[in-house]
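Examining the three-dimensional arrangement
Read off the chains here:
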Amino acid sequence: MTVMPTDSASVPPTAGAGRYAPSPSGDLHLGNLRTALLAWLFARSTGRRFVLRIDDLDRVRPGAEQRQLSDLAALGLDWDGPVLHQSDRLHRYDEAVDRLTAAGLTYECFCTRREIQQAATAPHGPQGAYPGTCRDLTPAEREERRAAGRPGALRLRSARTDFEITDRLHGKYRGPVDDLVLRRGDGLPAYNLTVVIDDAEHGVDQVVRGDDLLPSTPRQAYLATLLDLPVPEYAHVPLVLNTAGQRLAKRDGAVTLADRRDRGDTVRDVVGMLAASLGSSGGRADELLTGFDPDRLPRSPWILTPDSLVSTAGGP
Ligand code: GLU
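Topic: the overall build of the protein chain
When helices and strands are tallied, the protein chain shows 9 helices and 12 strands. Relative to the compact-globule value of 20 Å for 316 residues, the protein chain shows a C-alpha radius of gyration of 21 Å, a close match. Sorting the 316 residues of the protein chain into buried and exposed places 49% on the buried side. Considering only intrachain contacts with a sequence separation of at least 6, the fraction spanning at least 24 residues in the protein chain is 77%. About 14,500 Å² of surface is accessible on the protein chain, with carbon and sulfur atoms providing 51% of the total. Where the 39 positive side-chain charges of the protein chain centre and where its 43 negative ones centre are 3 Å apart.

Structure follows, in structure tokens:
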């Protein structure tokens, strides 16, 4: 297979790019803002363009995208070209799936989530991997399941059970690859597919994102190689957690830029707080660029204590 041509809505793949790709499901919290800031710093400190993509195939809350964009701009982040939307690109994902199907690399799967959880893991497959229940259904068995009204997902017929990637912060990382879903039962393309197509077609050669996505990355890199697409360089950055060790959430206190402003913080205060968590200082994104050094980034999560979630500027 050959590399797919870039479509007209894409940024031309010239100098390489970094990106931030939020899901418009709500306001960005301090953890999201910190990851966005890091993605921008990685890109700009290496002369890359910066692409903003809205992953809007799922979990869309009206108004969230506009608030996310204005929060990112308020921090001093800028981006190149138009804001990209996955919902404009369904044809590109379909084309990729069709190519894999034509190469014999997909199959229909009729398993429910519950069935997959209950099925024993394949004897030699990675822990938690899809056990391959529908891999070798006969045409008659497939027909029977379709006739029973089961919505079929489309899975990759993977030739591998693991794949190694290199990460700027984690080094060499080998993780499981299974027969991952490419198109869901509801017809929508799966995230692991869309992210691969989008990054390649938008010239993104540097992916900086939260380290909760590290375990999915070998799957994505393997998929890229099957599609003859370049594998980007990766940096999976530590998340922001609450004191219970859970991912930061709205209930943890004043966690969004709007919350902080309501409590009297300025944007400079918030950027300063993010900068301090990165061992740096500054009140706008570009002030952090000088001296930005990925090797000096903290490797463990930033734990937000209730104290740090109470505004320093004094609440109402
Ligand atoms: N849209 C995804 C999320 O918000 C991020 C995708 C990515 O960075 O690859 O979790």
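What about the packing of helix 6 (residues 191-201) against helix 7 (residues 217-226)?
Taken N-terminus to C-terminus, the directions of helix 6 and helix 7 make an angle of 55°; their axes are 9 Å apart at the nearest point. One element, helix 6, and the other, helix 7, form an angle in the oblique class. The way helix 6 lies across helix 7 gives a crossing that is right-handed. For the pair helix 6 and helix 7, contact is made by Tyr191, Asn192, Leu193, Val195 and Val196 and by Arg219, Gln220, Leu223 and Ala224, respectively.

Observations concerning the pairing of strand 10 (residues 233-237)
Across a regular strand the side chains alternate sides, sitting on one face of the sheet and then on the other. The element strand 10 is extensively covered by neighbouring structure, given that 4 of its 5 residues are classed as buried. Across 5 bridges, the pairing between strand 9 (residues 206-210) and strand 10 is parallel. The residue bridging Arg209 from the neighbouring strand is His236, located in strand 10.

What about the pattern of salt bridges?
Applying the stated criterion across every chain, the model contains 30 salt bridges. As a salt-bridge pair, Glu201 and Arg92 come within 3.0 Å of each other at their nearest N and O atoms. With Glu201 in helix 6 and Arg92 in helix 3 (residues 90-102), this residue pair connects regions lying 109 residues apart in the sequence. Each member of the pair, Glu201 together with Arg92, is buried. In this structure, the salt-bridge partner of Arg174 is Glu164, at a minimum N-O distance of 3.7 Å. Pair noted here: Arg174 is in strand 7 (residues 171-176) and Glu164 is in strand 6 (residues 162-167), with a separation of 10 residues, a long-range link.

Procedures and definitions
Residues numbered from 1 in each chain as written. Predicted model: local features only at pLDDT ≥ 70, side-chain atom pairs only at ≥ 80, totals over all residues. Heavy atoms only, no water. Helix = DSSP H or I, 4+ residues; strand = E, 2+ residues; numbered from the N terminus. Rg over C-alpha atoms; globule rule 2.2 N^0.38 Å. Buried < 20%, exposed > 50% of the residue type's maximum accessible area, 1.4 Å probe, protein only. Contact = heavy atoms within 4.5 Å. Areas by Shrake-Rupley, 256 points an atom, 1.4 Å probe, with all protein chains shown as cover. Lys, Arg positive; Asp, Glu negative; His and termini not counted. Charge placed at Lys NZ, Arg CZ, Asp CG, Glu CD. Axes fitted to C-alpha atoms, helices over the stretch in contact; angles between N-to-C directions. Parallel < 35°, antiparallel > 145°, perpendicular 65-115°, else oblique. Left-handed = near helix turned anticlockwise from the far one by under 90°. Pairing = 2+ DSSP bridges. Salt bridge = Lys/Arg side-chain N within 4 Å of Asp/Glu carboxyl O.

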